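Report on the structure
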Amino acid sequence: MDAAAHVLPESLVSLDAALEREFEQRLADSSMLAVRVAMGVLRNRADAEDVAQEAFVRAYRSFAGLRDREKFRGWLVRIVWRLALDRIRAQKRRERRELEALREPAPPSVEDVAASREFQRRLADAIELLPEKLRIVLTLAGIEEHNLAEVSQLLGIPEGTVKSRLHLARQRLLEVLR
Amino acid sequence: MSCKSYHDAVAEAALGGAQDAALRDHVAACAACRDELARLRALSAAIDRGVEEITHAEPSPAFAARVRDRVAEESAARAYWWRGWVPAFAGGAAVLVLVAWLLWSPAEVQAPKPTQELAGTSDPSKGSEPPGKTASAPEVAPNRSPRVVPSKQLATHRPRRESGSAPRPAPQPALPEVLIAGDEWSQVVKLYRLAQRGQVQAEAVAPPDVTPLEAKFQALVIAELKPIAPLGEGALPAGEPRK
């Protein structure tokens, strides 16, 4: 065998191994972010974890082709966001069908009656009514503890835009909930 | 100004916006608007906390392991897909190649048959003449697609059938009936062209047992044979018609 035949497979193997290590690192760094973004949409921990896992699997498929891996977190956020929205829409369709079948709304649970729960529910509903651009900024701001620079980096939009969208989102929520 | 006109300004202030002097004066003087501002500030804080609570979640300890499992499952499924389909594709391709070969080369799977007008046919398995002894004519399959002729195959010819033998129906063109060694090719072609132009009498160059040759020369068509090894000097380039 010639020299090239020895070198090429080894370099390919090492590239794969390096990618695997890098992905593993991203998985460790970004798991919480992914789950929280999904939670922001789904408000259900099990569903959020499921969506976050799916997002990581999809990210893994295309990880080698990602040109700028420094943008992995922003990329992942967008994947999670889309998957979570898809899931919640599917859930709502299913719930609507079930409700129509029952022809009677389910009685409120004990927790729903509690004031804090009621506020959370109303807040979640109000958030859901926001346009997507405002909603993702609000969600990420909540996750990143209002670090607007981080949100700006994740979404790839200017920090001023993040600030104005966040303000608009809070303004609308205040109007709905006041 | 009435309280209603401060509606938006109070909300803006509750969200942390600047209060202008007019709003400050109004709030200082109006208990209702002061209460509303306090309520909205509390609500704004509750919204911020609520958003954080909604999104607050820690991945379970098994999260990363489950992702790894799913990635591994997917990789295995892909590998299985390939394992299943690659042999199927290979088998299909092999069948297609076989069918194409049978369709395009039906004559090559049959034994070559002599023709009535091409008297000098050859059968490589039945012996050949030594190199240097030119065959009666370079008889090759007419109008056929290019064939690869091993250059080491020697010029051969089959002696012409006796004139008294029963005529056979003309067979389909088969394999080249005379295989010409690479180093003899150019000479045979040259001779053939000279004969076609009437510059050479076929009888003058034919072996004594092959006569007459005029008909044979006229019936000849030289197919475009592509030898594996380079031809001798003067070989015709591939693609040139050799009629």
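Note that this is a predicted model, so its numbers are computed, not measured.

Counting secondary structure elements, chain B contains seven helices and two strands. The order of α-helices and β-strands along chain B, N terminus first, is α-α-α-α-β-α-α-α-β. Here chain B holds 243 residues, and 35% of them are scored as buried. When contacts within chain B are restricted to residue pairs at least 6 apart in sequence, long-range pairs at least 24 apart make up 75% of them. Of the roughly 14,500 Å² of accessible surface on chain B, a fraction of 60% belongs to carbon and sulfur atoms.

So, on to the side chain of B:S60. Its place among the elements puts B:S60 in the loop between α3 (31–55) and α4 (63–104). Using a relative accessible area of 17% as the deciding quantity, one classes B:S60 as buried. Excluding its chain neighbours within four sequence positions, the residues that come into contact with B:S60 are A:R45, A:E49 and B:R66.

What follows deals with the packing of aromatic side chains. Tallied over the entire structure, the rule returns eight aromatic pairs over all chains. Between A:F63 and A:F72 the ring centres are 5.6 Å apart and the planes differ by 85 degrees, which places this aromatic pair in the edge-to-face class. A:F72 matches A:F63 in its accessibility class, with the two residues each being buried. Ring geometry for A:F72 versus A:W75: centroids 5.8 Å apart, planes at 65 degrees, classification edge-to-face. With A:F72 and A:W75 both in helix α3 (residues 72–102) and three residues apart, this pair spans about one turn of that helix. For A:F72, a relative accessible area of 0% puts it in the buried group. Taken together, A:F23, A:F56, A:Y60, A:F63, A:F72, A:W75 and B:F63 form an aromatic cluster joined through their ring pairs.

Another point: the interface of chain B and chain A. Note: interface size is frequently given as the accessible area lost on complex formation between the parts. Facing 34 residues of chain B, the contacting portion of chain A comprises 37 residues. For the pair chain B and chain A, the summed buried surface comes to about 3,500 Å²; carbon and sulfur atoms form 61% of the total. In this structure, A:R170 engages B:D48 in a salt bridge whose closest nitrogen and oxygen atoms are separated by 3.0 Å. Put simply, chain B and chain A have 15 residue pairs in polar contact (both at pLDDT 80 or more) between them. For the side of chain B that touches chain A, the elements supplying multiple residues, two or more each, are α1 (7–14), α3 and α4 of chain B. For the side of chain B that touches chain A, the element with the highest residue contribution is α3(B), accounting for 14 residues. A breakdown of the residues in the side of chain B that touches chain A according to their chemical character gives 15 nonpolar, seven polar and 12 charged.

Let us look at a positive patch on the surface. There is a patch of like positive charges on the surface, built from A:R89, A:R93, A:R94, A:R96 and A:R97. Take A:R97: its relative accessible area is 53%, and that puts it in the exposed class.

For the rest of this paragraph, the subject is the packing of helix α6 (residues 132–143) of chain A against α3(B). Running from N to C, α6(A) and α3(B) point in directions that differ by 80 degrees, and their axes come no closer than 8 Å. Judged by the angle between their axes, α6(A) and α3(B) are roughly perpendicular. Judged by residue contacts, A:L138, A:T139, A:G142 and A:I143 of α6(A) engage B:V51, B:E52 and B:T55 from α3(B). Of the residues belonging to the contact of α6(A) with α3(B), the class tally is three nonpolar, three polar and one charged.

With that settled, consider the packing of helix α8 (residues 159–177) of chain A against α1(B). One way to put it is that α8(A) packs onto α1(B) with a least axis distance of 10 Å and a crossing angle of 120 degrees. Looking at the two axes, α8(A) sits oblique to α1(B). Note on packing geometry: the crossing formed by α8(A) with α1(B) is right-handed. Only B:H7, B:A11, B:E12 and B:A14 of α1(B) make contact with α8(A), whose side of the interface consists of A:H167, A:Q171, A:L174 and A:E175. When the residues that make up the contact of α8(A) with α1(B) are grouped by side-chain class, the tally is three nonpolar, three polar and two charged.

On to a nonpolar patch on the surface, then. A surface patch of nonpolar side chains, amounting to about 480 Å² of accessible area, comprises B:V95, B:V99, B:L103 and B:W104. Of note, B:V95 is situated in helix α4.

This brings us to the nonpolar core. Judged by nonpolar contacts, the single largest core of 74 residues is most densely connected at A:F56, A:F72, A:L140 and B:I47. Setting aside its immediate chain neighbours within four residues, A:F72 contacts A:F23, A:R26, A:S30, A:F56, A:A59, A:F63 and A:L66.

Applying the stated criterion across every chain, the model contains zero disulfides over all chains. The thiol of B:C33 is not disulfide-bonded; the next cysteine sulfur, from B:C3, is found 3.5 Å away.

Criteria and thresholds
Residues numbered from 1 in each chain as written. Chains lettered and ligands numbered in written order. Predicted model: local features only at pLDDT ≥ 70, side-chain atom pairs only at ≥ 80, totals over all residues. Heavy atoms only, no water. Helix = DSSP H or I, 4+ residues; strand = E, 2+ residues; numbered from the N terminus. Buried < 20%, exposed > 50% of the residue type's maximum accessible area, 1.4 Å probe, protein only. Contact = heavy atoms within 4.5 Å. Areas by Shrake-Rupley, 256 points an atom, 1.4 Å probe, with all protein chains shown as cover. Phe/Tyr/Trp six-rings, centres within 6.5 Å; stacked < 30°, edge-to-face > 60°. Buried area = accessible area lost by both parts, 1.4 Å probe. Salt bridge = Lys/Arg side-chain N within 4 Å of Asp/Glu carboxyl O. Polar contact = N/O pair within 3.5 Å; in protein donor to acceptor, adjacent residues only side chain to side chain. Nonpolar A, V, L, I, M, F, W, Y, C, P; charged D, E, K, R; others polar. Patch = residues over 30% accessible without salt bridge, like charges linked within 9 Å, V, L, I, M, F, W, Y side chains within 5 Å. Lys, Arg positive; Asp, Glu negative; His and termini not counted. Charge placed at Lys NZ, Arg CZ, Asp CG, Glu CD. Axes fitted to C-alpha atoms, helices over the stretch in contact; angles between N-to-C directions. Parallel < 35°, antiparallel > 145°, perpendicular 65-115°, else oblique. Left-handed = near helix turned anticlockwise from the far one by under 90°. Core = buried A, V, L, I, M, F, W, Y, C linked by side-chain atoms within 4.5 Å. Disulfide = S-S within 2.5 Å.

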